[in-house]
2 protein chains.
Amino acid sequence: MKYDPNVKQSRGIERTQRAFATAMFDSLAEKPFDKITVNALCEKADYPRATFYNYFDDKFDLLNFCWFKLGQDTHLDVTNTQENKLTIKETFAQIYKLFEDYQSLLLSIIENNPLDSSLVNHFVRHFTDVIYASIKNSVDTKAIHTPSELVAQHCSTTIIEILKWIYLGQHKVTLEEAETYLTELLSGPIHLQKDKQ
Amino acid sequence: MKYDPNVKQSRGIERTQRAFATAMFDSLAEKPFDKITVNALCEKADYPRATFYNYFDDKFDLLNFCWFKLGQDTHLDVTNTQENKLTIKETFAQIYKLFEDYQSLLLSIIENNPLDSSLVNHFVRHFTDVIYASIKNSVDTKAIHTPSELVAQHCSTTIIEILKWIYLGQHKVTLEEAETYLTELLSGPIHLQKDKQ
DNA sequence: TCCATACTTGGACAGTTGTAAAAATACAAA
DNA sequence: TTTGTATTTTTACAACTGTCCAAGTATGGA
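The structure displayed is predicted, hence computed values, not measured ones.

## What about the protein's contact with DNA strand D?
Working step 1: In the vicinity of DNA strand D, 13 residues are found, and the nearest of them are Ala 50, Thr 51 and Tyr 55 of chain A together with Arg 49 and Tyr 53 of chain B.
Working step 2: Each atom of DNA strand D within 4 Å of the protein was assigned to sugar, phosphate or base; sugar and phosphate come to 67%.
Working step 3: Here a phosphate oxygen of DNA strand D and a side-chain polar atom of Thr 51 of chain A are 2.3 Å apart.
Working step 4: One nitrogen or oxygen atom from the side chain of Arg 49 of chain B is found 2.4 Å from a base nitrogen belonging to DNA strand D.
Working step 5: Listed by contribution, the elements that provide at least two residues to the surface near DNA strand D are helix H3 (49-55) of chain A together with helix H2 (38-45) and helix H3 (49-55) of chain B.

If you want it as structure tokens, here you go:
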């Protein structure tokens, strides 16, 4: 990332970055990510190419910015400080809300970008990282052998997996039902042994 | 994919494809994936560019071929037919062996490609799909509400998550210990509620 | 051996990428 | 208003990408 999105930028810079982000979101609803060129983004945002490279390293860097803004706009607060700990369920609910808020955007993205595309992967990875940062100090591994980082990683990917299923796979369910999935997947019991037939 | 790797190719074609795969593996051990150009691969494999595009759509298509060959070479057999069902544990053991066999290759790849790079993601996605195909008919969801596809997806990502931790994150443990992780992560209990302090 | 067919190769092409260095512009302090 | 600084834009560049076509080369059957 060229510019840290956490530090407040001047109005002009903010506007320019927004213009590129909007161009990206619009483009994603129109065509697959790998058909989107930096040239086309500049065309749409009405800024010269050099300005694009002024703010972003490349298309992916702009994507990072886009996902970050998504979280910022929906007042996502998954920071995990000493004072402000979030449980896994609380984090889940927050991200659920984010996906809920942006479901039409997500839907239009999915139209042009298959679930196993590099774009969806990039998106998923971003929010997995966000969730990981949020819950990493909340996992309790006193009773088990698995390292806590691995458990935290597992919880993050599970949360994303469920939301991917619901919002990207288009199997809409209520938050309560989604929470049931989460409990079942994380607290078992899933049977590892299956009788051969 | 331009050529289906499942159907047996003529000797010459096989040799050419292998040459490109080898060039890719060698390059991955030398530099980050996004610094590897098709030109350089052709240089290394000593074939003209047109030949590359004869067999592969692009760099990523070659990667698919590489991962497939990895599975083929280690006699990975995770096909899941009616007659030949594999349990989750059996599948886990097979993929564990594959990672074990190629640990030096994986290590050299990790040197140049961070865990969150598009390369490692591509790799992970490939084997997640392989595992999913292997176990999708083995999951037992009679006692729970979560849809079986989601459970199967969850099991696949969990298996890969553990192997990623062990072989890409360099936390070497025995198969037995790895299986303990798998049981703990899939059959719980992971505590979702954590007392606030 | 010859021929037809399939595959491989070389060269050319338009479009894209990321970088660099000037030129133009905006901005803030004196 | 002027001046100095920072940012934005223009322009140019070398390299890469993916496609195309025509020429070359194998290969196997008759």
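## As for the pattern of salt bridges
Residue and element names in this part refer to chain A.
Working step 1: If you walk through the whole model with that rule in mind, you get 12 salt bridges over all chains.
Working step 2: Ionic pairing is found between Glu 30 and Lys 44, a salt bridge with its closest N-O pair at 2.8 Å. Taken as a pair, Glu 30 in the loop between helix H1 (11-28) and helix H2 (38-45) and Lys 44 in helix H2 lie far apart in primary sequence, 14 residues in all.
Working step 3: The exposure class of Lys 44 is partly exposed, given its relative accessible area of 38%.

## Details of the environment of Ile 109 of chain A
Working step 1: Within the secondary structure layout, Ile 109 of chain A lies in helix H6 (residues 103-112).
Working step 2: Put simply, Ile 109 of chain A and Glu 179 of chain A are 70 residues apart on the chain and 25 Å apart in space, counted from C-alpha to C-alpha.

Criteria and thresholds
Residues numbered from 1 in each chain as written. Chains lettered and ligands numbered in written order. Predicted model: local features only at pLDDT ≥ 70, side-chain atom pairs only at ≥ 80, totals over all residues. Heavy atoms only, no water. Near = heavy atom within 4 Å. Polar contact = N/O pair within 3.5 Å; in protein donor to acceptor, adjacent residues only side chain to side chain. Helix = DSSP H or I, 4+ residues; strand = E, 2+ residues; numbered from the N terminus. Salt bridge = Lys/Arg side-chain N within 4 Å of Asp/Glu carboxyl O. Buried < 20%, exposed > 50% of the residue type's maximum accessible area, 1.4 Å probe, protein only.

Keep in mind these numbers describe shape, not what the thing actually does.
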